[in-house]
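A look at the structure
So the chains spell out like this:
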Amino acid sequence: MAETRRAKLIILGSGPAGLSAAIYAARAGLAPIVIQGVEPGGQLTTTTDVENYPGFAEIIQGPWLMEQMQKQAEHCGAELHWDSITSVDLSERPFRLTSDGGKEYLGDALVIATGAQARWLGIDSETLLRGKGVSACATCDGFFFRGKKVAVIGGGNTAVEEALYLTNHSDDVTLIHRRDALRAEKILQDRLFAHPNIHVLWNKTVDKFVGEGDPEGLVAIDLKDTQDGTISRIEAEGGFVAIGHDPATGIFRDWLTLDADGYIEVEPGTTRTGVPGIFACGDVMDKIYRQAVTAAGTGCMAALDAEKFLAEHGLAE
Ligand code: NDP
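Reference entry: report on the structure contained in this document. (Residues numbered from 1 in each chain as written. Predicted model: local features only at pLDDT ≥ 70, side-chain atom pairs only at ≥ 80, totals over all residues. Heavy atoms only, no water.)

**A closer look at the site of the ligand**
Near the ligand you find 18 residues, and of these Thr 158, Glu 161, Arg 179, Arg 183 and Asp 261 are the closest. One of the side-chain nitrogen or oxygen atoms of Glu 161 is found 2.7 Å away from a nitrogen atom of the ligand. For the ligand, the accessible surface in isolation is 920 Å², of which the surrounding protein chains cover 79%. Class assignment of the residues belonging to the shell around the ligand gives a composition of three nonpolar, seven polar and eight charged. (Near = heavy atom within 4 Å. Polar contact = N/O pair within 3.5 Å; in protein donor to acceptor, adjacent residues only side chain to side chain. Areas by Shrake-Rupley, 256 points an atom, 1.4 Å probe, with all protein chains shown as cover. Nonpolar A, V, L, I, M, F, W, Y, C, P; charged D, E, K, R; others polar.)

Pasting the structure below:
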């Protein structure tokens, strides 16, 4: 028979949100089980330099930061499981989660911190130059391109905000969009068009990110015109792909309210979902800030919200 584990609190996901929730919940005596998912540590494990996580005067490495958070959660008393949940039954408490190996987890409360994945263009040169000039987060990596020519790909709010953000570091920012109109809100578009250091290239897709040097780094981007197919080249040492994110919410679709983009909806100012006892934190419920430090902050909130819920229902002891 498949093994069943029961806990007062189950936390799904092991990025900064899930592990911060685990640290707080463990210190509150809830002995949480953390199910780490397919990519333990989350998006930061695929990042290199991290310079904006408070508390570290020197640049640290993303995988190292996540390893520290994992150890800290374990030291506090959280139980980390390298497992992946493929189906859930959230119709009643305890909530029932089933892993890909058929193992069952029962939780009186649940914190969902399954995160989101940046969408990539899916071309070979992008994979090759990721972390070497090609990035999916200007707020994280823009600083490394001070005084350099940079480009942003996309036409939504994220792309426009990233282009505007990059003007803090660069006076030559190009926005590359595949159509002749942006999807971003008008107020952002107005700011973008008014900025003297940003120019927009319309009807262009990325044909190739061009690398050079040893170690290799991005030096240019080849663009294909969507109208006449011609190829042109722009110089850029930073290329920021900002074509959207996919929150990992597929298994919750039948149980929780998701917004039009698939993010879990929470009561404003809290981490409470529409189902009592289920809380969401980090990138799975935040499509605006998406930072390790904001994810950690909402992870802390989720643990406090869960603790209060369990206490109110006589389930905390
Ligand atoms: P969006 O889905 O809104 O925009 C994605 C953009 O990328 C679109 O312009 C799209 O082009 C383009 N794109 C998609 N795939 C490709 C591709 N393969 N090649 C080239 N271009 C491509 O994503 P965002 O991340 O911008 O925003 C997601 C959600 O988060 C939205 O609801 C947004 O409003 C919200 N958000 C809000 C913010 C705020 O309020 N401050 C900040 C950031 C996000 P096309 O237009 O042709 O489809």
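**Thoughts on the pairing of strand E6 (residues 85-89)**
Along a regular strand, successive side chains alternate from one face of the sheet to the other. When E6 meets strand E7 (residues 95-99), the two strands line up antiparallel, connected through four bridges. Each bridged residue has a counterpart across the sheet, and for Ser 87 the counterpart in E7 is Thr 98. Between E6 and E7, which pair antiparallel and follow one another directly, the connecting turn spans five residues. (Pairing = 2+ DSSP bridges. Helix = DSSP H or I, 4+ residues; strand = E, 2+ residues; numbered from the N terminus.)

**Remarks on the side chain of Asp 108**
With respect to the element layout, Asp 108 can be found in strand E8 (residues 104-112). You can call Asp 108 buried: its relative accessible area is 8%. Sequence-distant contacts of Asp 108, defined by excluding residues within four places in its chain, comprise Arg 6, Ala 7, Lys 8, Arg 93, Pro 94, Phe 95, Phe 309, Leu 310 and Leu 315. (Buried < 20%, exposed > 50% of the residue type's maximum accessible area, 1.4 Å probe, protein only. Contact = heavy atoms within 4.5 Å.)

**Quick look at the state of the cysteines**
Here, disulfide denotes a covalent bond that connects the sulfur atoms of two cysteines. A full pass over the atoms with the stated rule returns one disulfide. Sulfur-sulfur distance for the disulfide between Cys 137 and Cys 140 comes to 2.1 Å. The chirality of the disulfide connecting Cys 137 with Cys 140 is right-handed, given an S-S dihedral of about 75°. Looking at Cys 137, the relative accessible area reads 15%, which means it is buried. Cys 76 takes part in no disulfide bond, and the closest cysteine sulfur to it belongs to Cys 300, at a distance of 12 Å. The partly exposed category is assigned to Cys 76, whose relative accessible area is 25%. No disulfide involves Cys 281; its sulfur sits 9.9 Å from the nearest other cysteine sulfur, which is in Cys 300. (Disulfide = S-S within 2.5 Å.)

**A short note on the nonpolar core**
Among the nonpolar cores identified, the biggest contains 35 residues, and Leu 9, Ile 11, Tyr 53, Ala 73, Ala 78, Val 111 and Leu 310 are the most heavily contacted of them. Only strand E1 (4-12), helix H1 (16-27), helix H2 (62-76), E8 and helix H7 (292-312) provide two or more residues apiece to this core. With eight residues, the single largest contributor to this core is H7. Discounting residues that sit within four places of it in the chain, Tyr 53 has contacts with Leu 65, Met 69, Ala 292, Val 293 and Ala 296. Among the nonpolar cores identified, the runner-up in size contains 22 residues, and Ile 85, Val 88, Leu 110 and Val 284 belong to it. (Core = buried A, V, L, I, M, F, W, Y, C linked by side-chain atoms within 4.5 Å.)

**Examining the sheet that holds strand E14 (residues 204-212)**
What the three strands build is an open sheet, ordered E14-E15-E16; its pairing is antiparallel. Looking at which strands have only one partner, the edges of the open sheet turn out to be E14 and strand E16 (231-235). With direction set aside, neighbouring strand axes in the sheet form an average angle of 30°. Pairing geometry for strand E15 (residues 217-225) and E16, over five bridges, is antiparallel. Looking across to E16, one finds that Ala 220 is bridged to Glu 235. (Axes fitted to C-alpha atoms, helices over the stretch in contact; angles between N-to-C directions.)

**Concerning unusual backbone geometry**
Residue Pro 94 is reached from Arg 93 by a cis peptide bond, and omega for that bond is -5°. In the Ramachandran plot, Asn 203 falls in the positive-phi region, its phi being about 55° despite a non-glycine side chain. Looking at the element boundaries, Asn 203 is found in the loop between strand E13 (198-201) and E14. Look at Arg 290: it is not a glycine, yet its phi comes out positive at around 55°. Inspection of the secondary structure puts Arg 290 in the loop between strand E19 (278-280) and H7.

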